[in-house]
Amino acid sequence: MTRVELTEKQKEFWNHKPSRWNIKEGATRSGKTWLDYYIIPKRIRAIEGLPGHVFLIGNTKSTLERNVLEPMRELYGPELVGRVRPDNTVKLFGRNCYAIGADKESQVTKIQGASVAYCYGDEVVTWNKKVFDMLKSRLDKPYSCFDGTCNPDNKNHWFLKFLESGADIFRQKYTIEDNPFLPEEFVENLKLEYRGTVLYNRYILGEWCNAEGLLFPQFADNPDEWEVKGELPLFNMINIGLDIGGTRSHSSLIVTGITADLSEIVTFAERKVVHAKGTIDAERLCTETVDLIRALWIQGFVVSSVFVDNAEQVILNSIRVAVQRAGFPTNVMDCRKIDGKTRILTYNMLLNRHKMKFQAVPMVVESLSTALYDTKSKEDKILDDFTTDVDTFDAHFYSWSTFMELITGRST
């Protein structure tokens, strides 16, 4: 039998007599979830023959599958760790359990009325608060308990308020240094990706802290460090991102090339389209897009796709027709948008690893150098109050975000 080695923090959690709430919070890859592959069967065996349901809850069923069920299935085999059925049930160690997501308020009905003997929670800070509030009332047995993990978020987060509420909680904080089994090179790379940002405090040091100030302070301090000198590299693909500014702002066309080995993305051309006050000139957007594609064509650059702000489908369709009539083999399609927190994290990762570079695009450089957190938001959001050039920032993101997983080597 393979000997299982535990960190000191994991040993402490394993040996602790369960409280009603047992929470491991802190850094990513610090060993929080790995221990739960052994805690979950331990808890299920402890309530064998006792009434009450067993629930496993994640942000979504797919994240729960990826983070918890799939690794457990590899560890114990499909007979002991089954697959989630259409009715949200899953066979775990001989017991019928429920596996659900908690990202939406509608998920409350999945646990409403249930008597819960044991619940495991993955990525708790990503849950809808009302799902968590309902769960509190369903742990109604004298032996009911909850095990949960999370990465810290902002100091105003509802889950931090619960952790500080004085409830029956066993609470552990993890830093990246609490996992001595991680390769040193991996830890240094992770620190590099988050360095200089609020994410370093949360995902490396395991601290709850608010996001304030510049999104990319390391870039703002010295943007020349990310400038491509001399000739551009060879690109496998070149795309244009188009953000159609509202009636109070401009539209931006941003050109980004992706190298064949995915080692770099380089933004090397830009255009600003200023509309008359209170209007959006669709005809001019069509003309400017075609002219930019033509100018790049003359320079020997073939544009693969134009990714357009998908809130404006009528304009998108007009641009598609204009590009086709001009005879260019360029696709015109919806852009890809993701939540602000993931977007900020991805930018910092690419900048810190110098996989994102720029040449002769002062408008883009200015937009990234001045982008701010929205301090009035309870989430990590980008400030969009017309004091910074969010239109150019958005267009830059659209120019490569469709291929984000390929570029970063990570899933969202």
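Before reading on, note that the structure itself is shown above.
The written sequence of each chain sets the order in which its residues are numbered from 1. Per-residue local features are limited, in this predicted model, to residues with pLDDT of at least 70; the limit for side-chain atom pairs, both in listing and counting, is 80 or more; totals at the level of whole chains, interfaces and linings are taken over all residues. Heavy atoms from the whole structure form the basis of all side-chain values; hydrogens and water molecules are not counted.

Draft legend 1. The arrangement of the overall build of the chain in detail. Note on conventions: DSSP H or I runs of at least 4 residues are helices, E runs of at least 2 residues are strands, and numbering of each starts at the N terminus. When its secondary structure is counted, the chain shows 14 helices and 13 strands. By its C-alpha atoms, the chain is 75 × 45 × 40 Å across when sized along the principal axes. For this analysis, residues touch if any pair of their heavy atoms sits within 4.5 Å. Intrachain contacts of the chain at a sequence separation of at least 6 include 73% that bridge at least 24 residues.

Draft legend 2. The arrangement of the environment of Gly-101 in detail. Counting through the fold element by element, Gly-101 comes out in strand E4 (residues 95-101). Under the scheme applied here, a residue whose accessible area is under 20% of the maximum for its type counts as buried, over 50% as exposed, and between as partly exposed, the area being computed with a 1.4 Å probe on protein chains only. Residue Gly-101 is classed as buried on the basis of its relative accessible area of 1%.

Draft legend 3. Inspection of the packing of helix H2 (residues 32-46) against helix H3 (residues 61-76) at higher detail. One way to put it is that H2 packs onto H3 with a least axis distance of 10 Å and a crossing angle of 70°. With respect to H3, the element H2 is oriented roughly perpendicular. In terms of crossing hand, the pair formed by H2 and H3 is right-handed. Of H3, the residues touching H2 (which contributes Thr-33, Tyr-37, Tyr-38, Ile-40 and Pro-41) are Asn-67, Val-68, Pro-71, Met-72, Leu-75 and Tyr-76. Classifying every residue of the contact of H2 with H3 by side-chain character gives nine nonpolar, two polar and no charged. For every element, the axis is a line fit to its C-alpha atoms; helices are fit only across the contacting stretch, and the angle between N-to-C directions ranges from 0 to 180 degrees. In this scheme, roughly parallel covers angles under 35 degrees and roughly antiparallel covers those over 145, while 65 to 115 is roughly perpendicular and the rest are oblique. For any helix crossing, the convention is left-handed if the near helix is rotated counterclockwise from the far helix by under a right angle, and right-handed if that rotation is clockwise. Three residue categories are used. Nonpolar comprises Ala, Val, Leu, Ile, Met, Phe, Trp, Tyr, Cys and Pro, charged comprises Asp, Glu, Lys and Arg, and polar comprises the others, including Gly.

Draft legend 4. Just the packing of aromatic side chains, in detail. A pair of Phe, Tyr and Trp rings is counted when the ring centres sit within 6.5 Å of each other, with Trp represented by its six-membered ring. The angle between the planes then sorts it: under 30 degrees is stacked, over 60 is edge-to-face, the rest tilted. Considering all chains together, one arrives at 29 aromatic pairs under this definition. Here the aromatic rings of Trp-21 and Phe-162 are separated by 5.0 Å at their centres, their planes lie at 75°, and the arrangement is edge-to-face. Here Trp-21, found in strand E1 (residues 21-26), pairs with Phe-162, found in helix H5 (residues 158-163); they are 141 residues apart in sequence, far enough to count as distant. By the burial criterion, Trp-21 is buried, and Phe-162 matches it.

Draft legend 5. Up close: the sheet that holds strand E5 (residues 116-121). Two strands are said to pair when DSSP picks up at least two bridges between them. Here seven strands make up an open sheet; going across it, the order is E3-E4-E2-E5-E6-E1-E7 and the pairing mixed. The sheet terminates laterally at strand E3 (89-92) and strand E7 (169-174), the two strands that pair on one side only. This sheet shows a mean twist of 20° between the axes of neighbouring strands, independent of strand direction. Note: E1 against E7, six bridges, orientation parallel. Across the sheet, residue Gly-26 finds its bridge partner in E7, namely Tyr-174. Along the sheet face, H2 touches E1, strand E2 (53-58), E3, E4, E5, strand E6 (145-150) and E7 and points at about 170° away from the line of E6. Against the sheet, helix H4 (residues 129-138) engages E1, E5 and E6, with an angle of about 150° to E1.

Draft legend 6. Geometry of the nonpolar core. For the purposes of this section, nonpolar cores are sets of buried Ala, Val, Leu, Ile, Met, Phe, Trp, Tyr and Cys residues that join through side-chain atoms within 4.5 Å. By size, the foremost hydrophobic cluster in this structure holds 45 residues, and its most contacted members are Phe-216, Phe-358 and Trp-400. Only helix H6 (184-194), helix H7 (198-203), strand E9 (251-259), helix H11 (340-352), strand E13 (356-358), helix H12 (362-370), helix H13 (390-398) and helix H14 (404-408) provide two or more residues apiece to this core. Broken down by element, the residue count for this core peaks at six residues, all from H11. When residues no more than four places from it in sequence are discounted, the contact partners of Phe-216 are Ile-344, Tyr-347, Asn-348, Leu-351, Leu-368 and Phe-393. Counting residues in hydrophobic clusters, the runner-up holds 29 residues, among them Val-228, Leu-285, Ile-315 and Ala-322.

Draft legend 7. Region of the structure containing the sheet that holds E9. As summarised here, the arrangement of the six strands in space is E12-E11-E8-E9-E10-E13, forming an open sheet in which the pairing is mixed. At either end of the open sheet lies a strand with only one pairing partner, and these are strand E12 (331-334) and E13. Averaged over all adjacent pairs, the angle separating strand axes in this sheet is 25°, with direction ignored. Judged from the three bridges that link them, strand E10 (residues 265-273) and E13 form a sheet pairing that is parallel. Bridge pairing in E13 places Val-266 opposite Lys-357. Packed on one face of the sheet, helix H10 (residues 313-325) meets strand E8 (235-243), strand E11 (305-308) and E12 and runs near 170° to E12.

Draft legend 8. Molecular detail of the pairing of E3. Of the pairings in the sheet, the one linking E3 to E4 comprises four bridges and is antiparallel in character. What sits directly across from Val-90, in E4, is Cys-97. Count of turn residues in the E3/E4 antiparallel hairpin: two residues, of which Phe-93 carries a positive phi of about 50°.

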